[in-house]
Amino acid sequence: MSESTMQPRGSLARIALGLAIAATLSACATGTNPRDPLEGYNRAMFKFNDTVDQVALKPVATAYKTVTPSFVQTGVGNFFGNLSDVWSAVNNLLQGKGEAGLQDVVRVSMNSTFGLLGLIDIASQAGLPKHNEDFGQTLGWYGVRPGPYVMLPLLGPSTVRDTVALPLDITGDPWRYKNPAYVRNIGTVTRVVDKRAALLDATNLMEAAALDRYEFIRDGFLQARESKVFDGDTDRRDRKLPKNDTSDYEPEYDARPQSAPAEAPPATATAQLVPADLVTSGSNTVAAEARPQE
């Protein structure tokens, strides 16, 4: 790997860590939502990301979806999904989820061989579930709280915990080590465009709705992350918290039945269709599913 290639990636890691530190120390930041004390900054960054998306990423993704055969798009999604299973296996094992980690290992082995380097998702057809685990989820599994919500430039929605974990997620991405560099760069662009193309219908629906898109994405992201960290089991989440904890921890997602049924807000269901990678290309969205692989 050339020094010129390593330099931008090192800069990205430093930016991510700097943002995490800034978010942690921003006690004087304005914002009425306790989970989003950096709302002023986050909204400005959301607007920047949205502008980049509308001007560059979305038009390219629209053209890609129009001219690229669906089977090619499926193959691209499967190929990079297979690569993400490698890091997912590592994080499942780090979390002590041996069965899930072994399934990920078998998935990679099957798809990389019988699935033609991952272009065909043989493993899902064989009944092996796909897991999307990253190091931010691993930290959360062991009780590290998400901290404030933060919108990263180009990389999109995150939290302080996930931002701190981002450099390691980047390091754990197998495509990062692909040589020669021009092939790696072409693949990275294709990966981003393919993910954005898979989200076009969902984002078009969201953009047409009369709602605050910033809040919609923030709340949907926080709910999805909470659910992913504990695999939807909020009882396990509570056991991970320290005993006699009197802090102001407020879970953003609770899957347990409520005493009285409440009507779910319309955005909740749609949020499951709009993961964190709306306007993003970074490692924290690589593990997110833009297109179902099962």
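The structure contained in this document is the topic of the report that follows. (Residues numbered from 1 in each chain as written. Predicted model: local features only at pLDDT ≥ 70, side-chain atom pairs only at ≥ 80, totals over all residues. Heavy atoms only, no water.)

1. Some details on the overall build of the protein chain
Here comes step 1: From N to C terminus, the protein chain includes 13 helices and 2 strands.
Here comes step 2: Across the 294 residues in the protein chain, those meeting the buried criterion constitute 46%.
Here comes step 3: A separation threshold of at least 6 residues defines the contact pool for the protein chain, and within that pool the share at least 24 residues apart is 71%. (Helix = DSSP H or I, 4+ residues; strand = E, 2+ residues; numbered from the N terminus. Buried < 20%, exposed > 50% of the residue type's maximum accessible area, 1.4 Å probe, protein only. Contact = heavy atoms within 4.5 Å.)

2. Re the pattern of salt bridges
Side chains carrying opposite charge are able to pair once their charged atoms draw close together.
Here comes step 1: Taken as a whole and judged by the stated rule, the model has 17 salt bridges.
Here comes step 2: As a salt-bridge pair, Lys97 and Glu133 come within 3.5 Å of each other at their nearest N and O atoms. With Lys97 in the loop between α3 (70-94) and α4 (98-113) and Glu133 in the loop between α5 (122-125) and α6 (135-141), the pair connects residues that are 36 residues apart, well separated along the chain. For the pair Lys97 and Glu133, a shared accessibility class is recorded, and that class is buried.
Here comes step 3: Across the salt bridge formed by Arg191 and Asp173, the nearest N and O atoms sit 2.9 Å from each other. (Salt bridge = Lys/Arg side-chain N within 4 Å of Asp/Glu carboxyl O.)

3. Re unusual backbone geometry
Here comes step 1: For the peptide bond that leads from Asn179 to Pro180, omega is 0°, which places it in the cis range.
Here comes step 2: Structurally, Pro180 can be placed in the loop between α7 (160-171) and α8 (181-198).
Here comes step 3: Residues other than glycine seldom take positive phi values, yet Leu117 does so here, at roughly 65°.
Here comes step 4: Since its relative accessible area comes to 59%, Leu117 is described here as exposed.
Here comes step 5: Its identity as a non-glycine residue notwithstanding, Leu154 has a phi of 70°, on the positive side.
Here comes step 6: Considering the arrangement of structural elements, one finds Leu154 in the loop between β1 (149-152) and β2 (156-159).
Here comes step 7: Look at Leu154 and you get partly exposed, because its relative accessible area is 41%.

4. Considering the side chain of Thr159
Here comes step 1: Looking at the secondary structure, you find Thr159 in strand β2.
Here comes step 2: Thr159 sits in the buried class, given a relative accessible area of 1%.
Here comes step 3: A polar contact is formed between the side chain of Thr159 and the backbone nitrogen of Asp162, at a distance of 3.2 Å.
Here comes step 4: Look past the residues within four positions of Thr159 in its chain and what remains in contact with it is Pro146, Gly147, Pro148, Tyr149, Val150, Phe221 and Leu222. (Polar contact = N/O pair within 3.5 Å; in protein donor to acceptor, adjacent residues only side chain to side chain.)

5. Points about the pairing of β2
Here comes step 1: Here β1 pairs with β2 via 4 bridges, running antiparallel. Each residue of the ladder has a partner; that of Tyr149, found in β2, is Thr159.
Here comes step 2: The antiparallel pairing of β1 with β2 creates a hairpin that spans 3 residues between the two strands, and Leu154 there sits at a positive phi of about 70°. (Pairing = 2+ DSSP bridges.)

6. Digging into the packing of helix α2 (residues 39-67) against α8
Here comes step 1: Relative orientation of the contacting elements α2 and α8 amounts to 85°, with a least axis distance of 8 Å. With respect to their mutual orientation, α2 and α8 come out roughly perpendicular. Every residue of α8 that contacts α2 at Asp53, Leu57, Lys58, Val60, Ala61, Tyr64 and Lys65 is listed here: Val192, Val193, Asp194, Arg196 and Ala197.
Here comes step 2: Among the residues making up the contact of α2 with α8, the classes are represented as 7 nonpolar, no polar and 5 charged. (Axes fitted to C-alpha atoms, helices over the stretch in contact; angles between N-to-C directions. Parallel < 35°, antiparallel > 145°, perpendicular 65-115°, else oblique. Nonpolar A, V, L, I, M, F, W, Y, C, P; charged D, E, K, R; others polar.)

7. Comments concerning the packing of aromatic side chains
Here comes step 1: Scanning the model with the defined rule gives 7 aromatic pairs in all.
Here comes step 2: Measuring from ring centre to ring centre gives 5.8 Å for Phe46 and Tyr214, while their planes differ by 75°; the resulting arrangement is edge-to-face. A residue pair is termed long-range when its members are at least 10 positions apart, and Phe46 in helix α2 and Tyr214 in helix α10 (residues 213-229) qualify at 168 residues. Tyr214 matches Phe46 in its accessibility class, with the two residues each being buried.
Here comes step 3: Between Phe79 and Phe80, the ring centres sit 5.1 Å apart and the planes meet at 80°, which makes this aromatic pair edge-to-face.
Here comes step 4: When its relative accessible area of 21% is taken as the criterion, Phe79 is described as partly exposed.
Here comes step 5: Assessed through its relative accessible area of 9%, Phe80 is described here as buried.
Here comes step 6: Among the aromatic residues, ring-to-ring pairing joins Phe46, Tyr149, Tyr214 and Phe221 into one connected group.
Here comes step 7: Over the ring of Trp141 we find Lys97; its NZ or CZ atom is 4.7 Å from the centre of that ring. (Phe/Tyr/Trp six-rings, centres within 6.5 Å; stacked < 30°, edge-to-face > 60°. Lys NZ or Arg CZ within 6 Å of the ring centre and 35° of its normal.)

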